[in-house]
Amino acid sequence: MNPAAVDIKEPIIQTTITERIPLSAGEERVLGFFPDAGLAEWEDWRWQLKNRIRSLESISGLVTLTDHEKRGVQGAGDKLTMSIPPYFASLIDEKDPGCPIRLQSVPQDYEFETTDNEMLDPCGEEKNSHVHGLVHRYPDRVLFLVSEMCAMYCRYCTRSRMVGDGAHSLNTSTYDAALEYIRSHKEIRDVLISGGDPLTLSDKMLEYLISSIKAIPHVEFVRIGTRVPATLPQRITPELMAMFKKYSPVWMSVHFNHPKEITARVKQACNMIADAGIPMGSQTVLLRGINDSPEVMKKLFHELLKLRVRPYYIYQCDPIVGSRHFRTSVATGINIMENLRGHTSGYAVPAYVIDGPGGGGKIPVNPDYLVSKENGRYTLRNYAGGLYTYYDPTY
Ligand SMILES: *Cc1c(COP(=O)(O)O)cnc(C)c1O
Ligand code: SF4
């Protein structure tokens, strides 16, 4: 077993949470499939991880599967395994194959279709990786992959080449090599701890990583990339928050795709994170049939602002192998941006980016607001279509 992975056999740790959240009808229903478990287990992240829904048999009990889903679940093991924490499964609409939670978590056989221009490593991470688990693409910052495990495997995952419970290639010795690389590269001022999901590691392992990174004098900015606040909010415990607080400032990049993901438990988790002094930015993947409309995106970003989460990026879905059914046109993304900027709080407007296939990094894509530029005369269009001229003083 990967020594870095969480030991899900550890005894259940009861945590004190200020406010107990009653089970929703969906949670009651899913908990009913686990006759030996009660509220204490439901609130325990290790129980949630251990009891993730992974087989055709268990998902069929919860959801009336379509033929595409049946074939998808059967074949997914070869590629990216299905894995859904009971909590996240409780958000699935068992009767609606178009449910946004379901589309993200239950595989469909479209995943096995490969179209032109799709890649196994669309962001070209391997070629920017000089030490295993570390991607150094931009001069001043690195992506430090510390776990291959996630609570839930998102079907469009851009790192599906490396994530999965069976992939045990990251461990304390790869961590130490990566830490040594960061120590010896003085230009690195920003470390993004990601994976997989770093929050599937134990508190102890996370503390080892954060304290080691924070001890490097030239590192001034540390953030954790995680989807756990959405898929396994139980992981956000008072103990974990107290640990992060010791290493302040630490930022968090969370990952939310649909307003349906924002539940009472998620609100509580995000409040705990914000109260621990951790600023949050969110990343959203533009996904066909899930959030590809201005209305859904706006609702999501408004909900996030209420939780003190600043929408940071909308990603055009990467051309990962088998992602065709998730990808929208770029025009869809531009139209969403057009309907956000000026129409709602600037804080609710993230940057829309395409990760340049092959390793280009994040490249912003925007509606065209600059109508013309000549002789120092800039003609600009505002959100409502009005034209305005700005005279460049240096012309
Ligand atoms: C996204 C990413 C980062 C961080 O980029 P920011 O724009 O600073 O958020 C760093 N390294 C890699 C390889 C990335 O993909
Ligand atoms: S949480 Fe992130 S790394 Fe994990 S499956 Fe989802 S997109 Fe991939």
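Here the structure is a predicted model, which means the values were calculated and not measured. (Residues numbered from 1 in each chain as written. Chains lettered and ligands numbered in written order. Predicted model: local features only at pLDDT ≥ 70, side-chain atom pairs only at ≥ 80, totals over all residues. Heavy atoms only, no water.)

Novice: Residue-level account of the sheet that holds strand S11 (residues 377-381), with values.
Specialist: With respect to topology, three strands assemble into an open sheet ordered S10-S11-S12, the strand pairing being antiparallel. Of all the strands in the sheet, just strand S10 (370-374) and strand S12 (387-391) have a single pairing partner and so form its edges. Recorded for the sheet is a direction-independent mean angle of 15° between the axes of neighbouring strands. Looking at chain direction, S11 and S12 are connected through five bridges and run antiparallel. Residue pairing across strands places Arg-377 opposite Tyr-391, the latter belonging to S12. (Pairing = 2+ DSSP bridges. Helix = DSSP H or I, 4+ residues; strand = E, 2+ residues; numbered from the N terminus. Axes fitted to C-alpha atoms, helices over the stretch in contact; angles between N-to-C directions.)

Novice: Tell me about the site of ligand 1, and name the residues and values.
Specialist: What surrounds ligand 1 is the set Val-135, Arg-137, Tyr-138, Arg-141, Leu-143, Leu-192, Arg-223, Tyr-312, Tyr-313 and Lys-362. Between Arg-141 and ligand 1, the recorded distance is 2.7 Å, taken from a side-chain N or O atom to an oxygen atom. Lys-362 places a polar side-chain atom, nitrogen or oxygen, 3.1 Å from an oxygen atom of ligand 1. If ligand 1 stood free it would expose 390 Å²; the protein chains cover 90% of that surface. More than half of the atoms of ligand 1 fall within 2 Å of the grid points belonging to the largest pocket. Put simply, the parts of the chain that give the shell around ligand 1 at least two residues each are strand S1 (134-138), strand S2 (141-147) and strand S7 (309-316). Examining the composition of the shell around ligand 1, we find that three residues originate from one element, S1, more than from any other. The class makeup of the residues in the shell around ligand 1 is six nonpolar, no polar and four charged. (Near = heavy atom within 4 Å. Polar contact = N/O pair within 3.5 Å; in protein donor to acceptor, adjacent residues only side chain to side chain. Areas by Shrake-Rupley, 256 points an atom, 1.4 Å probe, with all protein chains shown as cover. 1 Å grid on protein atoms, 1.4 Å probe; cavity = no way out; pocket = protein on both sides within 12 Å on 5 of 7 lines; lining within 4 Å. Sits in = over half its atoms within 2 Å of the grid points. Nonpolar A, V, L, I, M, F, W, Y, C, P; charged D, E, K, R; others polar.)

Novice: A description of the layout of surface pockets should follow, citing residues and the corresponding values.
Specialist: By volume, the largest pocket amounts to about 950 Å³. Around the largest pocket sit 39 residues that line it, and Thr-158, Arg-159, Ser-194, Gln-283 and Tyr-315 are the ones nearest its centre. When residues of the lining of the largest pocket are traced back to their parent elements, those giving at least two are S1, S2, strand S3 (190-195), strand S4 (221-226), strand S5 (251-255), strand S6 (280-286) and S7. Among the elements that make up the lining of the largest pocket, the one with the highest residue count is S7 (four residues). Taken together, the residues of the lining of the largest pocket sort by class into 18 nonpolar, eleven polar and ten charged. (Points joined across faces, edges and corners; volume = space filled by probe spheres on them.)

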